[in-house]
Every structure is written in structure tokens, then in C-alpha cells.
Protein chains: 2
Amino acid sequence: MVALPDNHYNESSGHYFDWFKKYSGNHKLKITQIRNATQIIEYAGKRFLVDPMFSDKDAWPGFEGTVRSEIRNPMVALPLDIRSLLDVDAIIVTHTHPDHWDQAAADSVPKHQLIYVQNENDKALLQHQGFTNLQVLTEGCYFGDIELIKTTCQHGSDAAYGNPQLAELLGDACGIVFRHPSEKTLYLVGDSLWVKTVEENMRNYMPDVLIMNTGWAHVLGYGAIIFGKEDIVRAHVVLPDAQIVATHMEAVNHCLVTRQDVLEYAQINQIQDYVSAPADGESLVF
Amino acid sequence: MVALPDNHYNESSGHYFDWFKKYSGNHKLKITQIRNATQIIEYAGKRFLVDPMFSDKDAWPGFEGTVRSEIRNPMVALPLDIRSLLDVDAIIVTHTHPDHWDQAAADSVPKHQLIYVQNENDKALLQHQGFTNLQVLTEGCYFGDIELIKTTCQHGSDAAYGNPQLAELLGDACGIVFRHPSEKTLYLVGDSLWVKTVEENMRNYMPDVLIMNTGWAHVLGYGAIIFGKEDIVRAHVVLPDAQIVATHMEAVNHCLVTRQDVLEYAQINQIQDYVSAPADGESLVF
């Protein structure tokens, strides 16, 4: 373990956080892409399963009212067996849209498993599904010595949220900042468009690694409800040293951006050294 | 000529404009795509040449500091001879970036030709080039009985304008609303990103036809400086009945969106009946 310096005030950001950062311990931050937004995050010696969508390929129809709804979901199979995915310390459900928490996940996850949810509504839903060990994320939440900071998303445009029915469907979603004294800071941004709070979170928490949901899911008549490839450039402008892991692509009908789109776009914009788009089953270590 | 009703106050927008709209006279609004943002607009019996870029194919290098700068500009030849393009009543130069007003245009356009420019700076530049009949666009400008309303653009992100050197390079650009009692209202939006003023102009002027520069030109390190394909959906949300003519594509190095991209995206979003992306030399009548 690298010795940590005393805390000191960072003038540029106004936050005490330097000691959290850059001092790798025995554990490496490891992100394994599973499918869509489902990932295994190994962080400070703990394993987290994020946004489990466990249904078989083609199990349900495309999302009504979204683009390409004739395509069935999930569009691809899981790359690993479900049992191996459940060997984790905690599950994080950023929100309960079925491409982040589906019936197959609810059926497979042990009822006593610790699950972090974004709010009381989602807690009630999972309680109703029989789960007994639920924790509502807050801005000051700890799992052991890992700080989990809930962050805000905007899961659609102002125009989309201006339609009451669509606003109800889109609902809330969250991101999470992972911090630990001996780990890089990770910001899982969540299902969001590029909005001021997302940029502010990047400036405030100065993450070393970003997970961005860049599939550019589209609702008919309202356009994008999650990031597209252009948002990796926006993130790079704010955090020029951060590594960006692009996910939530090529798995559900309404996502229009592919991994190849993201990687080609990164190349054209000459930021390819900062951008990854792991295949399902692929792991990245930071 | 269709009889015009008396002016009446439109409660939804708060403007007197209904009598301007929808009552076609002898003349049709005709837009001929030339190349890049260069177009011939026939409006209320007058012909306007917009943003002449007249250089030969490959005449100058790609724009330094932009994506794909190894590609020479213009990427394609003009579809018509320059002399035919100069048979107009007035020229409009939305700004003086060389893909909107190049040396070849300055050399070809007669010095006494009426040219509308966006501001005193561009007027001074064209005066220096020998032009003698320059008119600075304002919000209350008339060419005969055609009202030409200058509108504001934002030709790059806030981050891009936060870089003083880049802000100087990007500079100002403008759009124009064309209004006439016997014509559809046309909003040539200009080189802009989707910003509040653009949306406000759409709501205020309620154009029947939009010309949108959707080539998604990119500056290295800062991303897009003009509209991309997603902005046609944004425009459609605001103006669900408007026809959108997409232009400024496939002609200069830093534009990443093609006509095919726009048309496929319109199809996927089920707004294909409202979107055109004319080929160079093609005309559309409204």
C-alpha cells in the first residue's frame, strides 16, 4: 500500500479529495462489460453487479413508442452464466426500467442480497418483489470504506419531461460516484443526457474513470433519452485525463449508437486513447 | 392571389403574423441546393444566392484544428456554372468563414451586387474586397416587400467560446427569417448549435420551412460547431408541421453527418415526411 499524504486543500476545486485519488492499493479497479448497462465493477476489493438485465435474447418486444420497436429485446444473449454474475458483494440498480432491472433479474437474485436503489419508490417496488436487504442511495453512503455518492440524471429532454405521460415513463434515474482512499475515483454517470448537473459532478468529483451510457436511446417524437457519442467529447473537454468506458449499446432496440460508432468517433476526434467500448464479456482494468 | 384575412392577434404566440402565412401567391418558395451551405432561394418572386462558396474541388486544405483536416476542400465540384448562380436579385452572406464566402466568390461576384451581411465587421471585410452595395441585416430589414429578419446563431459550444483563440475563429454567424404576405415563412437557421435563441425563434416566427445546416462540423477537442442530425428531431418537436431542409453536408472536411445519415435518422424517428436533404443541383418547391 502506498503511503497516503495528509489531506490538503485543493485550491482548484475547493474540495478535500486529493488523498482519495491515484494511490492504488492491492486492488485494481476492474470493469467487466456484461450486456447493455449490466456490468461487474470490482472496486477496492469488493464486487458490485450493476443494473442486471438477465432475460434471454428476444424475450420481450421492443419498447413501445421508441425507435425500431419491431426489434425484440434483449438483442443479444448474456456472455456469462447468471450464477457467476451473482457472485458479488452488492447489486446497484440505477433505476428500474426493464433494461436495467428485469423480471429475470428479480427472479434470479437471492432475496437477501444487498441491493442499492435510487429512491423510496424503487425500494418499494423491490420490496414488493420480495427483496429484504435494500439500501437507498444518498449523497453520503458507505459500503465498508467505499463511498457511494448518488448523483442525478436527466433521462430525457426538457420537451420529453414536458409530456406528463412520458415524464411518468421516463421517471428518475441515478448515477454513482465510487470513492476510496486507495482507488481511482469512478463516476458511473447513468442513464442521462448531457445536462449541467452531470458536468458539475465531473468538475466536483474529478473522476479518473467515467462509465457513460452512450447508446443514444431514442423515444419517437422526442429524440434521445441517454448519451450519444458526442457526449464523450463533452466529457473529455471537462476531464481531459479521464478514461471513458462507453456502455449501454447494441443490446436494446431503441439504442442507435454502436461501439464501432463510438470508437470511430473517438478516433476522428483524436481522443481514442481515452475511450473504450468493451465487448460483452470483456474486462478493463484501471 | 388568395384574399388575405384581416390581421388578427394570435393568442398562442402573442404576435401578429397569421396574415403572413399560408396564402400562396403566384410564386412558390423554391430552394435549390448548390453545395455546402450555398443555395438559391426563390422567394416572393425574388432570387437570393446564399453563402456562395465557389472554389474548385480540392482548392484549399482542410480546416486546421478540425476533424479530418487531411481532406481538401471543397470535397465536391459545383453542380452548376458560376455565371448561372450569379443571376440573382441579392446575395446573403450569413458569415464570412471560407465555406460560406470564399475568395473565388469574392472574385466572381460583381462589385456592385447587393449583398446582405450580418454585421459591420463583415461589411468592412467585403468593402475591403471592393464591394460597394452592402446592407447590414437587422431584425427589421426589407428587400422590397420581403421582410428579412436577422437571427442569432451560436457557432460552437460554450466551452469552445471559452477558449479565446477559438472564440475569435468561430466568431459570429447569423440566420434569416424570410416573411412575405403571400409566401410561406422560411427560417434559414444558419451555422449554429441548438441553443435557446434558436428554439425561441422557431416558436416566435412559426416558420413553415426550415433550412438547417446539419453537417455536424467538428473542431478537435471541442466537438460540434453546427447542427447534427439530432437537431432535426428537436426542430420537429417545436414545429411539428414544418418542412426541414437539411444542408451544409458532404462538402467540407469537418462535417461528419451525411445526407444519408439524416434521411435514415428521419426514417427511424418516423419524421421522414418532414425532412429533405437535397442533392447538389436539386430543387425543392414549397
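The model shown is predicted, which means the values in this text are computed figures rather than measured ones. (Residues numbered from 1 in each chain as written. Chains lettered and ligands numbered in written order. Predicted model: local features only at pLDDT ≥ 70, side-chain atom pairs only at ≥ 80, totals over all residues.)

**Looking at the overall build of chain A**
Along its length, chain A carries eight helices and 16 strands. Over its C-alpha atoms chain A spans a radius of gyration of 18 Å, differing by no more than 12% from the 19 Å that the globule rule assigns to 286 residues. Over its C-alpha atoms, taken along the principal directions, chain A stretches across nearly 55 × 45 × 35 Å. Expressed as a percentage of its 286 residues, the buried residues of chain A come to 49%. When contacts within chain A are restricted to residue pairs at least 6 apart in sequence, long-range pairs at least 24 apart make up 61% of them. (Helix = DSSP H or I, 4+ residues; strand = E, 2+ residues; numbered from the N terminus. Rg over C-alpha atoms; globule rule 2.2 N^0.38 Å. Buried ≥ 20, exposed ≤ 12 C-beta atoms within 10 Å, placed from the backbone. Contact = placed C-beta atoms within 7 Å.)

**So, the relation of the copies chain B and chain A**
In screw terms, the move from chain B to chain A is a rotation of 180° and a rise of 0.0 Å along the axis, fitting with an RMSD of 0.0 Å. The operation mapping one copy onto its partner corresponds to a two-fold rotation axis. Within chain B, Glu230 of chain B has its C-alpha nearest the rotation axis, a separation of 5.4 Å. Most of the interface of chain B is mirrored in chain A: 100% of its interface residues are interface residues there too. (Least-squares fit on C-alpha atoms with pLDDT ≥ 70 in both.)

**Description of the nonpolar core**
The nonpolar side chains of a soluble globular protein tend to be buried, and buried together. With 162 residues, the main nonpolar core has Leu210 of chain A together with Leu210 of chain B as its most contacted residues. Setting aside residues up to four positions removed in sequence, Leu210 of chain A forms contacts with Tyr187, Val189, Ala235, Leu239, Ala242, Ile244 and Val245 of chain A. (Core = buried A, V, L, I, M, F, W, Y, C linked by C-beta atoms within 7 Å.)

**Notes on the interface of chain B and chain A**
Each partner contributes residues to the interface: chain B has 17 residues there, and chain A has 17 residues. Among the residues forming the side of chain B that touches chain A, the class breakdown is nine nonpolar, five polar and three charged. (Nonpolar A, V, L, I, M, F, W, Y, C, P; charged D, E, K, R; others polar.)

**A short note on the pairing of strand β11 (residues 209–213) of chain A**
Residue and element names in this part refer to chain A. Across the five residues of β11, five count as buried, placing the element largely inside the fold. In β11, alternate side chains face the same way, and those of Val209, Ile211 and Asn213 on one face and Leu210 and Met212 on the other are all buried. For the handedness criterion, the β-α-β arrangement of strand β10 (residues 186–188), helix α6 (residues 196–205) and β11 is classed as right-handed. Relative to strand β14 (residues 243–247), β11 runs parallel, the two sharing five bridges. Bridge pairing links Asn213 to Thr247 in β14. (Right-handed = clockwise from strand over helix to strand, strands pointing away. Pairing = 2+ DSSP bridges.)

**Re the sheet that holds strand β6 (residues 134–136) of chain B**
Think of a sheet as strands paired side by side through backbone hydrogen bonds, with each pair either parallel or antiparallel. Residue and element names in this part refer to chain B. Across the sheet, seven strands lie side by side as β6-β5-β4-β3-β2-β1-β16; this open sheet has mixed pairing. At either end of the open sheet lies a strand with only one pairing partner, and these are β6 and β16 (283–285). When the angles between neighbouring strand axes are averaged without regard to direction, this sheet yields 20°. Where strand β1 (residues 30–35) meets β16, three bridges bridge the pair, whose relative direction is antiparallel. The partner of Lys30 across the bridge, within β16, is Val285. This element, helix α3 (residues 120–128), spans β4 (90–93), β5 (115–117) and β6 of the sheet and lies at about 170° to β6. (Axes fitted to C-alpha atoms, helices over the stretch in contact; angles between N-to-C directions.)

**Observations regarding the pairing of strand β9 (residues 174–179) of chain B**
Residues and elements named next belong to chain B. Across the six residues that make up β9, a large majority, six, are buried. Residue alternation in β9 divides its side chains into two sets, Cys174, Ile176 and Phe178 and Gly175, Val177 and Arg179, and both sets are buried. Sheet analysis places strand β8 (residues 146–152) next to β9, joined by six bridges and oriented antiparallel. When the bridges of β9 are listed, Thr151 appears paired with Gly175.

**Some details on the sheet that holds strand β5 (residues 115–117) of chain A**
Residues and elements named next belong to chain A. The strand order across the open sheet formed by seven strands is β6-β5-β4-β3-β2-β1-β16, and the pairing between neighbours is mixed. Every interior strand has two partners, whereas the edge strands, β6 (134–136) and β16 (283–285), have only one. With strand direction ignored, the average angle separating the axes of adjacent strands in the sheet is 25°. When strand β2 (residues 38–43) meets strand β3 (residues 46–50), the two strands line up antiparallel, connected through five bridges. Directly across from Ile40, in β3, lies its bridge partner Leu49. Helix-sheet contacts for helix α3 (residues 120–128) involve β5 and β6, and the interaxial angle to β6 is about 170°.

**Side note on unusual backbone geometry**
For residues other than glycine, phi is negative in most cases, and the peptide bonds are mostly trans. A cis amide bond links Asn73 of chain A with the next residue in sequence, Pro74 of chain A, at an omega value of -20°. Residue position: Pro74 of chain A is located in the loop between β3 and α1 (82–85). In this model, Ala44 of chain B sits at a positive phi of 50°, which is unusual for a non-glycine residue. For Ala44 of chain B, the location among the structural elements is in the loop between β2 (38–43) and β3 (46–50).

**What about helix α8 (residues 259–268) of chain A?**
Residues and elements named next belong to chain A. Of the positions making up α8, those classed as buried are Val262, Tyr265 and Ala266. Taken around the axis of α8, the buried residues stretch over an arc of 100°, which confines them to a single face. Along α8, exposed side chains directed more than 90 degrees from the buried face belong to Gln260 and Gln267. For α8, the elements touching its buried residues are α7 (230–238), β14 and β15 (275–276). In the segment just after α8, Gln270 is the residue with positive phi, at about 60°. (Arc of directions from axis to C-beta.)

**Side note on the environment of Ala224 of chain A**
Within the secondary structure, Ala224 of chain A sits in strand β13 (residues 223–224). Excluding residues within four positions of it along the chain, Ala224 of chain A makes contact with Leu193, Trp216, Ala217 and His218 of chain A together with Glu230 of chain B.

**Describing the environment of Val67 of chain B**
With respect to the element layout, Val67 of chain B can be found in the loop between β3 and α1 (82–85). Separated by 156 residues in the primary sequence, Val67 of chain B and Gly223 of chain B have C-alpha atoms spaced 9.0 Å apart. In contact with Val67 of chain B, other than residues within four places in its own chain, are Ile268 and Asn269 of chain A together with His218, Leu220, His254 and Leu256 of chain B.

**So, the confidence of the model for chain A**
Residue and element names in this part refer to chain A. This prediction gives chain A a mean pLDDT of 92; 91% of its residues lie at or above 70. pLDDT under 50 marks residues 1–24. Its contacts with residues more than four places away, or in other chains, come to 32 contacts. The ipTM assigned to the predicted complex is 0.86, against a pTM of 0.88. (pLDDT = per-residue confidence, 0-100.)

**With respect to the environment of Thr185 of chain A**
Residue and element names in this part refer to chain A. Tracing the backbone through its elements, the reader meets Thr185 in the loop between β9 (174–179) and β10. On the basis of neighbour count, Thr185 is assigned to the buried category, with 22 C-beta atoms found within 10 Å. With 51 residues separating them along the chain, Thr185 and Leu134 place their C-alpha atoms 24 Å apart.

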